[in-house]
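Results of the structural survey
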Amino acid sequence: MANRKPALFLFRLAAIVLLLISANGIAAPRIGVVTMQPGLEYWARFGHDAILVDDRADDPSSTPLLYNYGYFDFDQPGFLLHFAQGYMSYQLAAVPFDEDLAGYAQEGRGVSLQWLDMTPAQATKLQRYLQWNALPEHATYRYDYFKQDCSTRVRDALDRALDGELHQQLSAPSQGLTYRFEAVRLGAPSWWMGLSMHFALGPYADTPLSLWDEAFVPMRLQASLRTVHTAAGTPLVLKEIELLPHRLPPTLSEPPRWRPWFVAFGLLFAMLALVGVRFAPRTTAAFSGLFWLKCGLLGTGLIAIWAFTEHVAIWGNENILLASPLCFALLPGAWATMRGRQPPRWHALVLKLVAISAGIAFVLKFFPSRIQDNGDWIALFLPIHLALAYAGRRRTG
């Protein structure tokens, strides 16, 4: 019995040594976040990011993989219909890092890499999760512009590996940015994109965001990671490297200041309507008809999106009051005037209702519960509606 004690002691000692080696000496992958600057195409305006997993320390022959949540397929069955309904599907794909980087180099988009200070257990946990998530049966996810995009998926995967530490440190309110601020700022270089988003986004897009929510923009997540610390109190970002220079025009730091232009155009068109209805009624009627047709289409579109799609950020849009579907009822009057006839007697009543609707949009700005940032559109539409209502009263009264 006494002779077995040294052997048992040596066995236990060896087990402890092996346990320590397995806990601390295992070759875990290096983890990095790769951030790509915005491109010229409309789908690239918000930038992009992905998670780099490099396990060459364990296997020198392996290739670093970039786990990219931004893949979609225009040719998938029903893509356009699903896009219109708000049911877009994106995928996670694991691609060789060098191959993916080459595409951004050709586009002239800047790319940078942040190496993260993750424990071996955290890095291995993240690698295994990404490998599981990239399997065909798990790779597809329901895309949302603000809540579930390529960047929020990267954020959530990192937070999962860090046991919630990222969410805890980024939950504080930020500098007051909103979804509208970021969307219009990044979309504005394509003027049609910036203006379309500014008009279409409803009150949902005007709630101040936390740093966690701001991470739907890859460059915001990149900036926030620089402020995050590990559980040991050290910076999460070990090192930041510029992989590719950005050769495209830089992004705007804030949305364009369109208000003066909107005010000027609103007043100008209102004055032209008042003068034109007296001196060039047929020409004015033609332009008024085009204006009412556009308003009717825009308002009907907003209502249809609210009623029949999952584009939550557009629901409850007060611009329906400015671009009312009632404007369709004004088209017969415009047509009659173009042909030299008097508009129907009810034409003036509809003009008043349209002007009152636009006025309500203005009055709502004084209600503290209403937060939609649509002052630009009020400045443009309201003077025109008021002028056309006044001119119509004179013509049919």
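Here, every reference points to the structure presented above.
Residues numbered from 1 in each chain as written. Predicted model: local features only at pLDDT ≥ 70, side-chain atom pairs only at ≥ 80, totals over all residues. Heavy atoms only, no water.

Brief notes about the pattern of salt bridges
For the coordinates displayed, the defined rule picks out 12 salt bridges. Two residues, Asp 54 and Arg 56, come together in a salt bridge whose shortest N-O distance is 2.9 Å. On the accessibility criterion, Arg 56 (40% relative accessible area) is partly exposed. Note that Arg 220 and Glu 182 form a salt bridge whose closest N and O atoms lie 2.6 Å from each other. Taken together, the positions of Arg 220 in helix 10 (residues 218-225) and Glu 182 in helix 7 (residues 179-187) put the pair 38 residues apart, joining distant regions of the chain. Residue Arg 220 is classed as partly exposed on the basis of its relative accessible area of 21%. (Salt bridge = Lys/Arg side-chain N within 4 Å of Asp/Glu carboxyl O. Buried < 20%, exposed > 50% of the residue type's maximum accessible area, 1.4 Å probe, protein only. Helix = DSSP H or I, 4+ residues; strand = E, 2+ residues; numbered from the N terminus.)

A look at the sheet that holds strand 2 (residues 48-54)
The seven strands lie next to each other as 6-4-3-2-1-5-7, forming an open sheet whose pairing is antiparallel. Two strands lie at the open edges of the sheet, namely strand 6 (140-143) and strand 7 (237-244), each paired on one side alone. When strand polarity is set aside, the average angle formed by the axes of neighbouring strands in this sheet is 25°. Here five bridges tie strand 3 (residues 65-71) to strand 4 (residues 88-96), and the two strands are oriented antiparallel to one another. (Pairing = 2+ DSSP bridges. Axes fitted to C-alpha atoms, helices over the stretch in contact; angles between N-to-C directions.)

Observations regarding unusual backbone geometry
At Asp 163, a residue that is not glycine, the phi angle is positive and equals roughly 60°. Position of Asp 163 relative to the elements: it lies in the loop between helix 5 (150-161) and helix 6 (165-170). Look at Asp 163 and you get exposed, because its relative accessible area is 61%.

Considerations on a nonpolar patch on the surface
Together, Trp 261, Phe 265, Leu 268, Phe 269 and Leu 272 give the surface a local cluster of nonpolar side chains, amounting to about 530 Å² of exposed area. Within the secondary structure, Leu 272 is located in helix 11 (residues 259-279). (Patch = residues over 30% accessible without salt bridge, like charges linked within 9 Å, V, L, I, M, F, W, Y side chains within 5 Å. Areas by Shrake-Rupley, 256 points an atom, 1.4 Å probe, with all protein chains shown as cover.)

A short note on the environment of Asp 117
By secondary structure assignment, the location of Asp 117 is in the loop between strand 5 (111-116) and helix 4 (120-133). C-alpha of Asp 117 to C-alpha of Val 363: the two residues are 246 residues apart in sequence and 53 Å apart in space. A polar contact of 3.3 Å, which involves the side chain of Asp 117, links it to the side chain of Thr 234. (Polar contact = N/O pair within 3.5 Å; in protein donor to acceptor, adjacent residues only side chain to side chain.)

Re the packing of aromatic side chains
The tally for this structure, following the rule as stated, stands at 22 aromatic pairs. One aromatic cluster is present, built from ring pairs that chain together Tyr 69, Phe 72, Tyr 90, Tyr 141, Tyr 143 and Tyr 145. Residue placement shows Arg 155 over the ring face of Trp 212; its charged tip is 3.9 Å from the ring centre. (Phe/Tyr/Trp six-rings, centres within 6.5 Å; stacked < 30°, edge-to-face > 60°. Lys NZ or Arg CZ within 6 Å of the ring centre and 35° of its normal.)

Notes on the pairing of strand 3
In this sheet, strand 3 lies alongside strand 2 in antiparallel orientation, the contact comprising three bridges. Across the sheet, residue Val 53 finds its bridge partner in strand 3, namely Leu 65.

A few points about the environment of Asn 317
By the secondary structure assignment, Asn 317 is in the loop between helix 12 (281-308) and helix 13 (331-338). In this structure, Asn 317 is in contact with Phe 199, Ala 200, Leu 201, Gly 202, Pro 203, Leu 302 and Gln 372, ignoring residues within four places of it in sequence. (Contact = heavy atoms within 4.5 Å.)

A look at the nonpolar core
By size, the foremost hydrophobic cluster in this structure holds 35 residues, and its most contacted members are Phe 291, Trp 292, Leu 322, Trp 377, Phe 381 and Leu 388. Counting residues per element, the ones that place at least two in this core are helix 8 (191-200), helix 11, helix 12, helix 14 (346-363) and helix 15 (375-396). Considering every element that reaches this core, the biggest residue donor is helix 15, with 10 residues. Leave out the neighbours within four places in its chain, and Phe 291 touches Phe 381, Ile 384, His 385 and Leu 388. Membership of the second largest hydrophobic core comes to 33 residues, among which are Val 33, Val 53, Leu 92 and Ala 161. (Core = buried A, V, L, I, M, F, W, Y, C linked by side-chain atoms within 4.5 Å.)

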